[in-house]
Amino acid sequence: MPTTSSPAKKLFDTVLFREIWEAMKVTFRHMFHRPMTFEYPREKRTIPDTHRGALALLRYDDGQERCVGCDLCEAACPSHCIKVISEEDKTRPLQRYAKEFYIDITKCVFCGYCVEACPVNALAMTKLYEYSTPDKRTLLFDKARLYEIGERYLEDGKRYLYAHNQEKEGEESRAYRYQFPVPVQKTPNA
Amino acid sequence: MSQETGQPTVTLTIDGMTITVPKDTLVIEAARQAGVMIPHFCYHPKLAPDANCRMCFVEIEKMPRLQTSCSTKVAEGMVVRTTSPTVQQARKSVLEFILANHPLDCPVCDQGGRCDLQDFSHEYTPPVSRFTELKRVFPKEYFSALIETQMNRCVQCLRCVRYCDQVMDVKALAPQGRGTLTEIKSFGHHELDCEFCGGCVQICPVGAITSRLSMYEFRPWMLKRAETICGYCGDGCEITLQTKENRLIEVNSTLGGGRNNADLCARGFFGYHASTHPDRLTTPLVRKDGHLVEVTWEEALETVAAQVGWVKDEYGPEAIGGLISARCTNEDLYLFQKFMRLVLGTNHLDSSVRYGYMNAIEAFRRVQGLHRWTVTFDDVVAADTLMLIGTNVTETNPITGLKIKEAVKQRGARLITLESLKPVRGTISNIATLATHHLELSPDQFGIGVLGLIKAVFEQGLVDSALEQEAPEYVGALRTKIEAITWDRLLAHSTLTPSMFHAAVRTFEQGARSIVVVGQGVLRSPGGYATMVNIHDVLLLLGRLDRPGCGIAALAEENNEQGAIEMGAVPDLLPGALPVSDPEARRAVAASWGQEPPRTPGLTMMEMIERAKTGHLKALFVVGENPLGSLPPSAGVAEALDRVELLVCQELFLTETAQRAHVVLPACSYAEKDGTCINTEGHTQAVRKAIEPLGESRPDWEIFSALSVLLDSPMEYETAKDLTKEIRNMIPASRVLGPAPLPPRPDREVLRRYILGGYRDDLDGRLTPPPVTKTTGTMTLSFAQSLFHSGKFSTKAKGLLKIQSAGVANLNPQDAERLGVRTGDRIEIRNEGGSAITPVRAWERVPEGVVVFPEHFDQDLRQVMSVTVDPRTGVPYCKLARVSVEKV
Ligand code: SF4
Ligand code: SF4
Ligand code: SF4
Ligand code: SF4
Ligand code: SF4
Ligand code: FES
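For clarity, every value in this text was computed on a predicted model and none was experimentally measured.

Q: Just checking my understanding: could you explain the overall build of chain B for this structure?
A: Each helix and strand counted, chain B has 31 helices and 36 strands in total. Taken over the C-alpha atoms alone, chain B extends approximately 85 × 70 × 65 Å along its principal axes. Residue pairs at least 24 apart in sequence account for 73% of intrachain contacts in chain B once pairs closer than 6 positions are excluded.

Here you go:
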């Protein structure tokens, strides 16, 4: 407030509650703005495809697990929160697969390196972020949970991969979904 | 000429660096010495250059085209460029060509992370391929249990094929097909059947041959390494145990490392799971109301201390005995004998050297005045004449076998074999096929064979003239004795002729560096000690015993038998293999221990068993040893164990012996402890811990140490290193812990004493051929060691069980036909001791009239064996029997 104002002006301002009017001006101006917050959880925000949310494991269209248990995500993860236990698939000789798969999501820093490291795009990030829980143990995502997220949020996962240019939509996509050659067993009499 | 070695050298320039290397070095090796790595696939220092992959191109000035550095020898003034644009371009095209057909398997390939092709591609090729054609895919014909091939990944360098042929002499692999469609396969349409040494797995520069045993369980960067020593045989190979989260994953070996220089056998490469078998004992057990129940360490140790204290007070220290396995480390063996001698006050202690190796040691001590070899593996490789007596070395000591193969195949040494093998090739290599002279003997005739050699030496007039002057009496006595034995008598039961012996000794005599390798066939058969001394006579007569580069190499069966001798884990020897009766030795030991070892002569294993049978031995400590499972029932071990009042077993597994124990203490395997051990050459090497002890198991030495505290004469050590230090201070010879052993020379004084009179003691006995025991219609049953097993320990290794999981009686096909059986049929083997039924296999390499059975699976068959004990060395002979065989 200018210190030079005259006593007459001061009196005038006081009588008219001028300061209050000044403040109310801001309020009235905002009454006609779009709201800046929304009422979570009743309302939800639209999330961009590049969003880094909960991790998921994906399957191929025929339902087969994409993950081949190569451990590369584990190697890439800067916070050491992935653990893959791989072995040979007893039903398909010479095929590697992840017998067990764990992501400790409490340690994850959502850097997305694991998704980038995966040679078969088995990992993807989804838009899922609601998994708060009173039981911290449920935050160690195991293989079943990760595939479950993958099924529920399949679209999210795919869009994440497209958005990060790791997989292409449509026909072109084949080049980006590498499948390892399956050893062919020759029939003995062939 | 190089100043130090006197070898001619060559000076050349590689990438601007001047380097001097020995003449005939390959450019690729010279570059390595200069610190330049030339990428290569087909080259390997162990193999003859093949120059098929073209990866190692370099530019050499004044040479028209690029040269393969793996097959070009250095020349004076040569100027080599390894990184010029032309060379880089050539590498790129070679790689592009390989990658055109190489699958993008890296993420699922066990080689990924340590693959030469990956590394080179990373370094030399662009990230995108120009090829769009489809890649070759080989159909698989079979899947294998242990060694799996994935030929889509093969770069056709043929290292595997060449290793299998040149080093192993097995020749199980062959390239089939042409060009890029060449496939590496076993001969025939069946899975690989070979020695399973794992050499091809290790030498393949890519992931085309991998081990099925650990397939996909690891990535190379997850593995922790521990350089240690294989626990299976006396060769003492250096192995790298690779572990992941305290689990044993795989075994590797390092080029230039250890005495094996990267070679291994199936036991070393595939046998590592024995240590972590689920049957391992993990808690102490004490017998309560007739049952072994789990207790705490405190309770178990206090029980032992209280009871052994009581036995000692009641019956005196002479009522206590101990047996230890020579698979333990030096530290365990040393503390065991110190515990027995100092804490319990008895010399009644013995180790598994008593099963045969002791014969060799006693003969060494008597004639040469020492207790180890006078030669090394390097001498074996450098030898120009080798004689093998009673050793199927490929199966018992495979790495010694490789040294012999190297000497013969690569250096042209002459080989004489006295073995019960027929020289036919098979799925595993056969040393007899490499022999210039092969004298085929039945397994009970090696003693006769050696007598034949002595006779032939005299008949050929090959006696060393210096010896004849120095000890005419000795030569004369031998001559008279041997002349009294006719060839007819000697060769009554064989197809050999005197001229074969003549030719063999003539050949042996021509060598300047001649070595005799003696194996279990001699050491574990009746008369083993006498034969061992007779072999000394052969070398003495030929003037070869005291010559540098010549000598006798007796092969140890277990990994630390030599250590057991040097640590004094036998009744009559103190640490350093000094006699207990020698006052000076006792003083030296007392200086370190602060107390004299007991004076009373100790008992050998068999004597202890006898004493226990009569109830005079009241307490027995058995450490890793299993007399009940090793000796035939006729030895009466069961009765003996029933009578002892306290039987304490320190074991990995609940063996036959441990099942009868009053207290069982869980011990660690070699993978879980530190220490040292001494291989058959006499070379001390370090054993290192790879994983934490399983359950509550503890190293054996810790258990002795804990017991000594409870028995009020504490021997406390913080770590195994402290013990190693004490041992090194006491035994100067065990100080060598380095790349190569230092062999001693025979003691001239002892040698003189022998030829001037010492030989007389038992001359009559040992120069008499054993009486003929053959009756018609019977066969000789021989318990022999198999390549795929070692003792009973290896029968817990799942990898080895995949190769051999049960005992099969091996017969010569002719015998099989006579009996009317074929491979897979069953026979009954019987004699007065008992009978057992076993499957049979017709095997060409078994001589007629002989049944060879793997001793590792001898449970039912042991009853046909009887035991005879060597009068001088106390070795129990129980590996041979006369049996009748029938089809069932
Ligand atoms: S997003 Fe990052 S921190 Fe999380 S699991 Fe993947 S690599 Fe690890
Ligand atoms: S990188 Fe991909 S394929 Fe490999 S283990 Fe991780 S999720 Fe599975
Ligand atoms: S052999 Fe080497 S380059 Fe080929 S798939 Fe295996 S790791 Fe990759
Ligand atoms: S299998 Fe391996 S070692 Fe053998 S030829 Fe192929 S790449 Fe070479
Ligand atoms: S068993 Fe003997 S030859 Fe085989 S790897 Fe072990 S030490 Fe070497
Ligand atoms: S390494 Fe020289 S040609 Fe293969």
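Q: What's the story with the overall build of chain A in this structure? I'm lost.
A: Counting secondary structure elements, chain A contains six helices and five strands. Counting helices and strands in the order they occur from the N terminus, chain A gives α-α-β-α-β-β-α-β-β-α-α. Residue burial in chain A is summarised as follows: out of 190 residues, 26% are buried. Restricting to contacts in chain A with at least 6 residues of sequence separation, those with at least 24 account for 70%.

Q: I would appreciate a short explanation of the sheet that holds strand β32 (residues 834-842) of chain B in the present structure.
A: Strands belonging to one sheet form pairs held by backbone hydrogen bonds; the direction of such a pair is parallel or antiparallel. Residues and elements named next belong to chain B. Spatially, six strands are ordered β29-β33-β30-β32-β31-β36 in a closed barrel, and the strand pairing comes out mixed. Strand-to-strand twist in this sheet, taken as the mean axis angle between neighbours without regard to direction, amounts to 45 degrees. With five bridges joining them, strand β29 (residues 779-784) and strand β33 (residues 850-854) adopt parallel strand pairing. Bridging from a neighbouring strand, Ala-784 pairs with Pro-854 of β33.

Q: Sorry if this is basic, but what is going on with the nonpolar core here?
A: As a rule of thumb, nonpolar side chains are buried together in soluble globular proteins. All names here are of chain B. Judged by nonpolar contacts, the single largest core of 179 residues is most densely connected at Phe-336, Leu-386, Ile-389, Val-518 and Val-851. In terms of residues, this core owes the most to one element, helix α19 (residues 528-541), which gives nine residues. Counting residues in each nonpolar core, the second largest holds 90 residues, with Met-55, Val-155, Cys-157 and Leu-800 among its members.

Q: Mind showing me how you'd approach the domain arrangement of chain B here?
A: Accessible area lost on assembly of the parts is the figure often given for the size of an interface. All names here are of chain B. For chain B, the assigned domains are domain 1 (9-99), domain 2 (317-354 + 560-570 + 578-730), domain 3 (357-556 + 749-764) and domain 4 (779-887). Computed over C-alpha atoms only, the centres of domain 2 and domain 3 are separated by 33 Å. Taken together, the contact pairs eight residues of domain 2 with 10 residues of domain 3. A per-class count over the side of domain 2 that touches domain 3 returns two nonpolar, three polar and three charged.

Q: Before we go on, may I ask you to explain the site of ligand 4 in this structure?
A: Neighbouring residues of ligand 4: Cys-154, Val-155, Gln-156, Cys-157, Leu-158, Arg-159, Cys-160, Ile-184, Cys-204, Val-206, Ala-208 and Ile-209 of chain B. Residue composition of the shell around ligand 4, by class: 10 nonpolar, one polar and one charged.

Q: Any chance you could explain the environment of Met-608 of chain B here in plain terms?
A: Residue and element names in this part refer to chain B. Along the chain, Met-608 turns up in helix α22 (residues 605-613). As a C-alpha pair, Met-608 and Leu-573 span 35 residues in sequence and 17 Å in three-dimensional space. Once residues lying within four places of it in the same chain are set aside, the contact partners of Met-608 are Gly-321, His-348, Asp-350, Leu-603 and Leu-617.

Q: Help me out: how do you make sense of the confidence of the model for chain B in this one?
A: Any segment with low pLDDT has predicted coordinates that should not be analysed in fine detail. Of the residues in chain B, 98% reach a pLDDT of 70 or more, and the chain-wide mean stands at 94. Listed scores for the predicted complex are pTM 0.93 and ipTM 0.86.

Q: Is there a simple way to think about unusual backbone geometry in this case?
A: Across the chain, the bulk of peptide bonds are trans and the bulk of non-glycine residues have phi less than zero. Tyr-40 of chain A connects to Pro-41 of chain A through a cis peptide bond whose omega is 0 degrees. Here Pro-41 of chain A is to be found in the loop between α2 (18-31) and β1 (55-57). For Phe-17 of chain A, which is not a glycine, the phi torsion comes out positive at approximately 50 degrees. You can see Phe-17 of chain A is positioned in the loop between α1 (7-15) and α2. Judged by C-beta crowding, with 11 C-beta atoms within 10 Å, Phe-17 of chain A ranks as exposed. Of note in this structure, Leu-158 of chain B is not a glycine but carries a positive phi near 65 degrees. Residue placement: Leu-158 of chain B occurs in the loop between β6 (147-149) and α4 (159-167). On the basis of neighbour count, Leu-158 of chain B is assigned to the buried category, with 21 C-beta atoms found within 10 Å.

Q: Please clarify how the sheet that holds strand β4 (residues 67-68) of chain B should be interpreted in this entry.
A: Residue and element names in this part refer to chain B. Spatial ordering of the open sheet is given by β2-β1-β5-β3-β4, a layout of five strands whose pairing is mixed. Lying at the two open borders of the sheet, with one neighbouring strand each, are β2 (17-22) and β4. When strand β1 (residues 9-14) meets β2, the two strands line up antiparallel, connected through six bridges. Paired with Leu-12 across the two strands is Ile-19, which belongs to β2. Contacting β3 (57-60) and β5 (79-81), helix α2 (residues 85-99) runs over the sheet at an angle of about 160 degrees to β3.

Q: Explain the site of ligand 1 here, please?
A: Close to ligand 1 lie 14 residues; Cys-77, Cys-108, Cys-111, Tyr-113 and Cys-114 of chain A are nearest. Each residue belonging to the shell around ligand 1 can be placed in one class, and the counts come to 12 nonpolar, two polar and no charged.

Q: What exactly am I supposed to notice about the environment of Ser-630 of chain B here?
A: Position of Ser-630 of chain B among the secondary structure elements: in helix α23 (residues 627-630). Counting along the chain gives 302 residues from Ser-630 of chain B to Cys-328 of chain B, while the straight-line C-alpha distance between them is 17 Å.

Q: Honestly, the packing of helix α9 (residues 357-368) of chain B against α19 of chain B in this entry has me stumped. Any pointers?
A: Residue and element names in this part refer to chain B. Where α9 meets α19, the closest approach of the two axes is 9 Å, and the angle between their N-to-C directions is 40 degrees. As summarised for this structure, α9 and α19 are arranged oblique, according to the angle between their axes. When you trace α9 past α19, the crossing you get is right-handed. In contact with Asn-359, Ala-360, Glu-362, Ala-363, Arg-366 and Val-367 of α9, α19 contributes Gly-528, Tyr-529, Met-532, Val-533 and His-536. Classifying every residue of the contact of α9 with α19 by side-chain character gives six nonpolar, three polar and two charged.

Q: Sorry, what's going on with the pairing of strand β36 (residues 880-887) of chain B here?
A: Within a regular strand, the side chains alternate between the two sheet faces. Residues and elements named next belong to chain B. Here four bridges tie β29 to β36, and the two strands are oriented antiparallel to one another. Bridge pairing in β36 links Thr-780 to Arg-882. Pairing of strand β31 (residues 826-831) with β36 involves four bridges; the strand directions are antiparallel. Bridge pairing links Ile-829 to Val-885 in β36.

Q: Help me out: how do you make sense of the pairing of strand β11 (residues 238-244) of chain B in this one?
A: All names here are of chain B. In terms of burial, β11 is a largely internal element, five of the seven residues being buried. In the sheet, β11 pairs with strand β12 (residues 247-252) via five bridges, with the strands oriented antiparallel. Looking at the pairing, Gln-242 lines up with Glu-250 of β12. Where β11 hands over to β12, the hairpin turn is made up of two residues, of which Glu-245 adopts a positive phi near 45 degrees.

Each value, and the rule that gives it
Residues numbered from 1 in each chain as written. Chains lettered and ligands numbered in written order. Predicted model: local features only at pLDDT ≥ 70, side-chain atom pairs only at ≥ 80, totals over all residues. Helix = DSSP H or I, 4+ residues; strand = E, 2+ residues; numbered from the N terminus. Contact = placed C-beta atoms within 7 Å. Buried ≥ 20, exposed ≤ 12 C-beta atoms within 10 Å, placed from the backbone. Pairing = 2+ DSSP bridges. Axes fitted to C-alpha atoms, helices over the stretch in contact; angles between N-to-C directions. Core = buried A, V, L, I, M, F, W, Y, C linked by C-beta atoms within 7 Å. Domains from an automatic or database assignment. Nonpolar A, V, L, I, M, F, W, Y, C, P; charged D, E, K, R; others polar. Near = placed C-beta within 6 Å. pLDDT = per-residue confidence, 0-100. Parallel < 35°, antiparallel > 145°, perpendicular 65-115°, else oblique. Left-handed = near helix turned anticlockwise from the far one by under 90°.

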